[in-house]
Amino acid sequence: MSDEFTLHTSEWVYPSEAVKAAAKIKDYEALSAEAARDIEAFWAKRATETLDWFAPWEKVLDRSNAPFFKWFVGGKISVVHNALDRHIAAGKGDRIAYYWEGEPGDSREITYGWLNEQVCKFANVLKSLGVKKGDIVTIYMGRVPEIIVAMLACAKIGAMHSVVYGGFSEQSLADRIDDAKSRVMVTCDGAWLRGKIVALKDIADAAVARSSTIEHVVCVKRTGQAVNMTSGRDQWWHDVMASASPEAETVQMDAEDPLFILYTSGTTGKPKGILHTQAGYQLLISVTLSWVFDIKEDDIWWCAADPGWITGHSYIVYAPLILGATSVIYEGAPNFPGHDRWWQVVEKYKVSILYCAPTAIRGLMRHGDELPRKHDLSSLRLLGSVGEPINPEAWRWFYSVIGGERCPIMDTWWQTETGGFMVTPLPVVPLKPGSATRPFPGIIVDVVDEEGRPCGPTEDGLLVIKQPWPSMLRTIWGDPDRYVSQYWSHFSHEGWYFSGDSARRDEDGYIWVIGRMDDVIKVSGYRLGTAEVESGLVSHAAVAEAAVIGIPDDVRGHIIYAYCILVAGQQPSDELAETLKAHIRHEVGPIAVPSKIEFVPALPKTRSGKIMRRVLKARALGQPEGDTSALED
Ligand code: PRX
């Protein structure tokens, strides 16, 4: 561990009296103790307080088929009822759900009433396209309000959605369509990014051609350039919505019915479709948002993520709506047209709570204090960070320059698989810059060694969750064996979930997440598997074999280095390296493009043929290579 870590473990930042007075939750210890006494009673109480149910559950937690745990068995619920219907019934139709800010400077105010009407209409459109309960609709869109409409419309009729982030390219999209066997896809003509159009519909068309199941495509017009519309297959959103009825029934779902799958990267090239279900997911995400970010009636919440990632699913779409909150969504890049675009947005909408990724903070920090100081950021009262460890330097800048030393930073550790926050402060919890602090009440987290023994305060270990939690993933879509082996088999203890992260717990019980222990790389907060990039490289005719590693980077957290063995007869050249980068951009997406490609005659491997990426990394960083006795050559 770096010196920086040791230096900062003893630094405390205490919440001010003003923060403590404003906070909804005053006593973290009492809630943790309540959960420790009876975890099922703890969650059952929150399920009654936070959500509406059509029928009560019979059993809070069913452990009989571990690790296929079930929550709130027998309960009937709908996330759309909790997110929309009940607010409309309570007369809150005119309340703003989202202030939407387009990258070119256009804006829209989305009320709960408008959202509800659009969701009803699109639910009817989906039904007219033959979508039924249990079907999976693929959504490949930019950051426009219609993506939220599409997601909720699926949920309203009991269909699942699979949102594929708009930064993925045609092959990645095609693989996800095939895995989900989607018949219907919703997309946009394009998305604005740094003043340019990302041609989503063209990519969607290419993905449909490479996959085998899509029958209908509905396309939102956003950027307005000419796109191909295949007759009999493609329809414009505004056309189908014009004739759709604004009345639709919200389907009552079983607590354990699926809500969505979301693909994420793991150790193999095949992305994992993480399945989340109805009740437990709604519960944990709304309680965590309510307590950690202390959302109240007059707050303006801005989760500056993309709806296409879990952060967006949970904390842009579902949890804020369940809480009846008012959010901001900004369509484009933080640095367009200037590096103060985010600060403009905070000022314009008087954002009171800003939640974002360390990579964005570091990227904006590089441009100095001048730009944020030009804007009135005094509306802010809380800040948040997610996606990777936040280094103390970025933490300090965020805290002082953006938050004016008024706003505690909620550093939330969690994963696509966990659905919502697992280790996180609450506003009243004293902070240590760089630590996600302590587990959320009701979440039982530990740092242990390979044998499962708790680590001491100076020892790095494995981050585990020792009890099931309501918003846990339920399986990997179509691959229950992989679900068991990947997450629940690392230790001999039944019901211990292994996160794949390493961490340390200091003498105060504060958790310091160090990073991934597996072949997952976090690039600008995006999660990529080395195998995904490697199979992308090998799919090019010139490449025989490839290995990819993550190298620490000041702004992006990690960047990708790739090592390629060429097929006989191919000559290494700068042009070929550029060709391969373009190939990855096309095959996987811009987020996966290696910063550097090196051509090598051989790769370090074990005798069983496994590439030792650890050795490559040590060499790239000029560090000792450690134990290389397993090395074949
Ligand atoms: O390594 C951890 C890191 O992000 C991983 C999960 O990535 P993903 O599924 O894409 O979800 C990201 C958004 C929740 C984790 O295994 N990570 C996430 N939050 C933090 C973090 N690392 C350190 N500190 C965090 N606050």
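Residues numbered from 1 in each chain as written. Predicted model: local features only at pLDDT ≥ 70, side-chain atom pairs only at ≥ 80, totals over all residues. Heavy atoms only, no water.

Draft legend 1. Molecular detail of the site of the ligand. In the neighbourhood of the ligand, 16 residues make up the surrounding shell, with Asp-411, Thr-412, Thr-416, Arg-516 and Arg-527 lying closest. Measuring from a nitrogen atom of the ligand, one finds a backbone N or O atom of Glu-388 at 3.3 Å. Between an oxygen atom of the ligand and a side-chain N or O atom of Lys-522, the distance comes to 2.8 Å. When the free accessible area of the ligand is taken as 540 Å², the share hidden by the protein chains comes to 95%. Every element with two or more residues in the shell around the ligand is listed here: strand S20 (409–412) and strand S25 (511–516). Looking at the shell around the ligand residue by residue, the class counts come to 5 nonpolar, 5 polar and 6 charged. (Near = heavy atom within 4 Å. Polar contact = N/O pair within 3.5 Å; in protein donor to acceptor, adjacent residues only side chain to side chain. Areas by Shrake-Rupley, 256 points an atom, 1.4 Å probe, with all protein chains shown as cover. Helix = DSSP H or I, 4+ residues; strand = E, 2+ residues; numbered from the N terminus. Nonpolar A, V, L, I, M, F, W, Y, C, P; charged D, E, K, R; others polar.)

Draft legend 2. Molecular detail of the packing of aromatic side chains. Counted under the stated rule, the structure contains 41 aromatic pairs. When the centroid spacing of 4.2 Å and the interplanar angle of 25° are considered together, the rings of Phe-122 and Trp-237 count as stacked. Linking Phe-122 in helix H6 (residues 112–128) with Trp-237 in helix H10 (residues 237–242), this pair joins segments that are 115 residues apart in sequence. With relative accessibility at 0%, the residue Phe-122 sits in the buried group. In this structure Trp-237 comes out as buried when scored by relative accessible area, which is 6%. Through a chain of ring-to-ring contacts, three or more aromatic side chains come together here, namely Phe-68, Phe-69, Trp-469, Tyr-483, Tyr-487, Trp-488 and Tyr-497. The cationic tip of Arg-108 hangs over the ring face of Trp-100; the distance from NZ or CZ to the ring centre is 5.8 Å. It is Lys-432 that lies over the ring of Trp-12; its NZ or CZ is 4.4 Å from the centre. (Phe/Tyr/Trp six-rings, centres within 6.5 Å; stacked < 30°, edge-to-face > 60°. Buried < 20%, exposed > 50% of the residue type's maximum accessible area, 1.4 Å probe, protein only. Lys NZ or Arg CZ within 6 Å of the ring centre and 35° of its normal.)

Draft legend 3. Structural detail: the packing of helix H5 (residues 79–89) against helix H7 (residues 145–157). One can describe the packing of H5 onto H7 by two numbers: an axis separation of 9 Å at closest approach and a directional angle of 115°. The chirality of how H5 crosses H7 is left-handed. Between H5 and H7, the residues in contact are Val-79, Val-80, Leu-84 and Asp-85 and Leu-152, Ala-155 and Lys-156, respectively. (Axes fitted to C-alpha atoms, helices over the stretch in contact; angles between N-to-C directions. Left-handed = near helix turned anticlockwise from the far one by under 90°. Contact = heavy atoms within 4.5 Å.)

Draft legend 4. Molecular detail of the pairing of strand S21 (residues 445–448). Residues of S21 alternate between two faces, with Val-445 and Val-447 on one and Asp-446 and Val-448 on the opposite face, all of them buried. Bridge analysis of S21 against strand S22 (residues 461–465) gives 4 bridges, and the strand direction is antiparallel. Residue Val-447 lies in a different strand from S22, and its bridge partner there is Leu-463. (Pairing = 2+ DSSP bridges.)

Draft legend 5. Structural context of the nonpolar core. Residues Trp-43, Phe-72, Leu-115, Phe-122, Ile-148, Phe-293 and Tyr-318 are the most contacted members of the largest nonpolar core, which totals 161 residues. In terms of residues, this core owes the most to one element, H7, which gives 10 residues. Ignoring any residue separated from it by four or fewer positions in sequence, one finds Tyr-318 in contact with Val-79, Met-151, Leu-152, Ala-155, His-161, Leu-259, Phe-260, Tyr-281, Ile-285 and His-313. Tyr-330, Leu-364, Leu-377 and Leu-380 belong to the second largest nonpolar core, which has 34 residues in total. (Core = buried A, V, L, I, M, F, W, Y, C linked by side-chain atoms within 4.5 Å.)

Draft legend 6. Molecular detail of helix H14 (residues 358–365). Counting buried residues along H14, 8 of its 8 residues qualify, which places the element largely inside the surrounding structure. Along H14, the residues classified as buried are Pro-358, Thr-359, Ala-360, Ile-361, Arg-362, Gly-363, Leu-364 and Met-365. Contacts from the buried residues of H14 go to helix H13 (341–349), strand S18 (353–356), strand S19 (382–386), helix H16 (392–402) and strand S29 (557–566).

Draft legend 7. Region of interest: the sheet that holds strand S23 (residues 475–476). Across the sheet, which stays open at both edges, the 8 strands sit in the order S12-S11-S8-S6-S7-S14-S15-S23 with mixed pairing between neighbours. Every other strand in the sheet has two partners, leaving strand S12 (234–236) and S23 as the edge strands with one partner each. Pairing between strand S15 (residues 272–277) and S23: 2 bridges, direction antiparallel. Considered in S23, the bridge of Ile-274 is made with Ile-476. Sheet contacts for H7: strand S6 (136–140), strand S7 (160–163), strand S8 (184–188), strand S11 (216–220) and strand S14 (258–264); angle to S7, the most-contacted strand, approximately 150°.

Draft legend 8. Geometry of the environment of Glu-575. Within the fold, Glu-575 resides in helix H19 (residues 574–587). The sequence separation of Glu-575 and Val-186 amounts to 389 residues, and the corresponding C-alpha distance is 37 Å.

Draft legend 9. Structural view of the confidence of the model for the protein. The predicted model of the protein averages 95 in pLDDT, with 98% of residues at 70 or higher. Long-range and interchain partners of residues 1–7, a stretch whose pLDDT sits below 50, account for 6 contacts in this model, where long-range means more than four residues apart. (pLDDT = per-residue confidence, 0-100.)

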